[in-house]
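The residues making up each chain are set out below.
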Amino acid sequence: MPAPPCASCGTARAALRRPRTGQALCGACFCAAFEAEVLHTVQAGRLLPRGAVVAVGASGGKDSTVLAHVLRELAPRLGITLRLVAVDEGIGGYRDAALAAVRSQAARWDLPLTIVAYADLFGGWTMDAVARSTAGTGRSRSCCTFCGVLRRRALEEGARLVGATHIVTGHNADDMAETLLMNFLRGDAARLARGGGLGSAGEGGARPRCRPLQRASQKEVVLYAHFRRLRYFSEECVYAPEAFRGHARELLKRLEAARPSAALDLAHSAARLALAPAARAPPARACARCGALASQALCQACALLDGLARGRPRLAIGKGRRGLGEEGPGAPPPGAAADGAGAELPAPGRPCGCGEDGGGPGGRGCAAGPD
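Residues numbered from 1 in each chain as written. Predicted model: local features only at pLDDT ≥ 70, side-chain atom pairs only at ≥ 80, totals over all residues. Heavy atoms only, no water.

A. How the structure looks around the nonpolar core. Membership of the largest hydrophobic core comes to 43 residues, with the highest contact counts inside it found for F34, V56 and V66. At eight residues, helix 2 (residues 62–78) tops the list of elements feeding residues into this core. Those residues within four positions of V66 in sequence are excluded, and the remaining contacts are F34, L213, V221, Y224, A225 and L230. Grouped together as the second largest cluster of nonpolar side chains are 35 residues, A98, Y118, W125 and A131 included. (Core = buried A, V, L, I, M, F, W, Y, C linked by side-chain atoms within 4.5 Å. Buried < 20%, exposed > 50% of the residue type's maximum accessible area, 1.4 Å probe, protein only. Helix = DSSP H or I, 4+ residues; strand = E, 2+ residues; numbered from the N terminus. Contact = heavy atoms within 4.5 Å.)

Here you go:
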């Protein structure tokens with residue numbers, strides 16, 4: 001049976017039915033509709049003002065690749081300037097290939113690229129070193145928690161280096177739905193209370209962040225990359241299989257089998273969820289170490305690094321944070337001086353970039369997870 005004509009242009013043959021509407025469209029009309037919806041999201045939400053210098057969190061994966069391409073197409077209409085910022089987490093056999101994809105994209109699109117590395121920012125700590133440190137502690141599955149928090153801070157530092165006024169990340173509707181499910185399954189009322197808005201205004205010196213693809217499903221992101229013939233890195237992080245997010249992802253797939261709009265519905269619910277005032281996080285205060293906003297004495301990034309420096313990586317995870325005031329012997333981080341100096345931390349007053357206590361957007365398996 002031949003494909004029906006495109007419901008938009010009426011001339012070309014339809015190449016797909018949109019997952020969210022069922023509308024039969026050709027590839028060109030689908031891409032135009034996708035870009036128009038992202039433009040509407042940015043303009044209606046007043047996410048990126050004219051004249052903004054925007055740091056795009058580039059991982060080389062499908063979400064960040066599509067985000068960078070769409071914003072590059074829309075930049076003249078939005079009046080913004082783009083900078084690619086990539087984070088080298090120090091994951092052997094994985095990140096090098098992903099960064100090669102980012103470099104190729106930057107050269108192809110003629111966009112400036114800056115790469116920031118965990119090893120440089122965090123006193124020698126890489127994700128491989130964190131994984132070795134947590135092995136055997138019963139917290140080996142928490143690698144993605146460390147990575148999500150540290151990546152958020154590294155992206156903030158990269159944005160500062162390039163003079164960006166705003167940060168954008170490639171979270172799509174599926175990512176936000178997975179995060180909502182994770183928080184429900186954990187009973188994490190504080191994170192649920194933060195809602196699922198399109199971004200944050202930026203507090204404590206941190207730059208405003210937004211998620212222009214948050215209302216696009218993962219299927220449509222993949223379809224856009226296909227029809228625009230975008231090349232991206234598609235291998236999964238070596239630490240992702242242990243992440244709790246994988247269980248939420250499988251649950252979401254089962255829900256979508258029964259209700260195709262499940263991811264979009266959950267993302268919509270997250271933005272409108274209302275909880276009792278008692279469930280909300282305590283008032284924010286300044287991190288005692290770096291000055292960023294936090295809900296406890298130390299923000300999550302500083303707390304995680306503190307635990308690693310002491311040789312107690314579980315210290316800042318869950319109930320272990322109660323022991324942050326305890327003193328104890330700690331193993332120096334990789335590359336530290338022989339006198340046992342701790343991991344490098346930001347100077348007082350410099351924003352941590354992790355927002356409030358708790359994880360922030362990061363890679364697959366982390367607190368909010370883009371590609």
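Having put the structure on the table, let's press on.
B. Structural view of a nonpolar patch on the surface. A cluster of nonpolar side chains, L185, F244, L251 and L255, forms an exposed patch at the surface whose accessible area comes to about 320 Å². When its relative accessible area of 34% is taken as the criterion, L251 is described as partly exposed. (Patch = residues over 30% accessible without salt bridge, like charges linked within 9 Å, V, L, I, M, F, W, Y side chains within 5 Å. Areas by Shrake-Rupley, 256 points an atom, 1.4 Å probe, with all protein chains shown as cover. Salt bridge = Lys/Arg side-chain N within 4 Å of Asp/Glu carboxyl O.)

C. The arrangement of the pairing of strand 4 (residues 81–88) in detail. Here five bridges tie strand 3 (residues 53–57) to strand 4, and the two strands are oriented parallel to one another. When the bridges of strand 4 are listed, A55 appears paired with R83. Bridge count between strand 4 and strand 5 (residues 113–117): five bridges; the pairing is parallel. Residue pairing for strand 5: V85 is matched across the bridge by T114. Crossover connection from strand 4 via helix 3 (residues 95–109) to parallel strand 5: handedness right-handed. (Pairing = 2+ DSSP bridges. Right-handed = clockwise from strand over helix to strand, strands pointing away.)

D. Structural view of the environment of V53. If you trace the backbone, V53 turns up in strand 3. The contact partners of V53, leaving out residues within four places of it in the chain, are T81, R83, V162, G163, A164, T165 and H166.

E. Examining helix 3 more closely. With 15 residues, helix 3 should reach 21 Å at 1.5 Å per residue; the first-to-last C-alpha distance of 21 Å fits that figure. The set of residues buried in helix 3 consists of R95, A98, L99, A101, V102, Q105, A106 and W109. The buried residues of helix 3 occupy one face: seen down the axis, they fall within an arc of 155 degrees. Residues of helix 3 that are exposed and point over 90 degrees away from its buried face: D96 and A107. Tucked into the core, helix 3 has its buried residues touching helix 2, strand 4, strand 5 and helix 6 (143–161). The first or second residue beyond helix 3 is D110, which carries a positive phi of 55 degrees. (Expected span 1.5 Å × (residues − 1). Arc of directions from axis to C-beta.)

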